Amino acid sequence: MSAMKENITKPNEYYQYVNDNIVNADLVVWDEINYKDYSGYEHDYLLNIISERLALGKSNIYTTNYTLDVINVKLGSRLASRIVGQSEKVEFCSNDKRGLNI
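Residues numbered from 1 in each chain as written. Predicted model: local features only at pLDDT ≥ 70, side-chain atom pairs only at ≥ 80, totals over all residues. Heavy atoms only, no water.

## Some thoughts on helix 3 (residues 40-55)
Let me state the cut-off plainly: Numbering of helices and strands runs from the N terminus, with a helix taken as a DSSP run of H or I at least four residues long and a strand as a DSSP run of E at least two residues long. Expected span, for any helix, means 1.5 Å times one less than how many residues it has. Only protein chains enter the accessibility calculation, which uses a 1.4 Å probe. A residue is then buried if its area is under 20% of the maximum for its type, exposed if over 50%, and partly exposed in between.
Relative to the 22 Å expected for 16 residues at 1.5 Å per residue, helix 3 spans 22 Å between its end C-alpha atoms, a close match to the ideal helical length. Here helix 3 has its buried residues at Glu42, Tyr45, Leu46, Leu47, Ile49, Ile50, Arg53 and Leu54.

Dropping the structure here:
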C-alpha cells in the first residue's frame with residue numbers, strides 16, 4: 001500500500017511490478033487483510049483488485065485474527081461480502097507462537 005501511494009507522485013517500479021502481476025497471479029495470499037484501517041483510496045484499490053480477481057476465477061487466501069463481524073465493520077460490507085461471501089472459512093486454533101524459541 002505504501003508503494004501504491006508513492007506511485008501517485010513518482011513512478012515506483014515495485015508497485016508497477018506488483019500491480020501488473022497481481023491480477024494474473026494464480027494465487028494471491030492477502031495476509032492480515034484487515035490489520036489496519038484503510039484510507040478511501042486504499043479501500044477502493046482493494047475492492048477493485050479483489051473484485052477483478054474473483055471475476056477472473058483466480059484463487060485468493062485471506063488471513064486475519066478477526067471475527068466475521070469485525071471484518072464486516074473494518075472492511076465495509078461491499079468488500080467484506082466479496083471476501084467472506086466467496087470464501088471457505090478455515091479456522092486454526094492455537095496459542096500465540098510469536099517470541100517463542102521453537
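## A short note on the nonpolar core
What counts is decided by this rule: Buried residues of nine kinds, namely Ala, Val, Leu, Ile, Met, Phe, Trp, Tyr and Cys, make up a nonpolar core once their side-chain atoms join them within 4.5 Å. Throughout, a residue-residue contact means that at least one pair of heavy atoms, one from each residue, lies within 4.5 Å.
Trp30, Ile33 and Ile50 are the most contacted members of the largest nonpolar core, which has 19 residues in total. Contributions of two or more residues to this core are made by helix 2 (13-22), strand 1 (27-30), helix 3 and helix 4 (68-85). No other element matches the six residues that helix 3 contributes to this core. Leaving out residues up to four positions away in the same chain, Ile33 has contacts with Tyr38, Leu46, Ile50, Tyr62, Thr63, Thr64, Leu75 and Ile83.

## As for unusual backbone geometry
Its identity as a non-glycine residue notwithstanding, Glu32 has a phi of 50 degrees, on the positive side. With respect to the element layout, Glu32 can be found in the loop between strand 1 and helix 3.

## Considering the layout of surface pockets
What counts here: Every definition here rests on a 1 Å grid over the protein atoms only: cavities are sets of points where a 1.4 Å probe fits but cannot get out, pockets are open sets enclosed by protein on both sides within 12 Å along at least five of seven lines, and lining residues have some atom within 4 Å of a point. Grid points are joined across faces, edges and corners, and a volume is the space filled by probe spheres set on the points. Residues are grouped as follows: Ala, Val, Leu, Ile, Met, Phe, Trp, Tyr, Cys and Pro are nonpolar; Asp, Glu, Lys and Arg are charged; every other residue, Gly included, is polar.
For the largest pocket, the calculated volume is near 990 Å³. Lining the largest pocket we find 27 residues, and of these Tyr62, Thr63, Thr64, Val90 and Phe92 sit closest to its centre. Of all elements in the fold, only strand 2 (59-62) and helix 4 reach the threshold of two or more residues within the lining of the largest pocket. Looking at the lining of the largest pocket element by element, the count peaks at four residues for helix 4. A per-class count over the lining of the largest pocket returns eleven nonpolar, eight polar and eight charged.

Shape is all these values report; function is a separate question.
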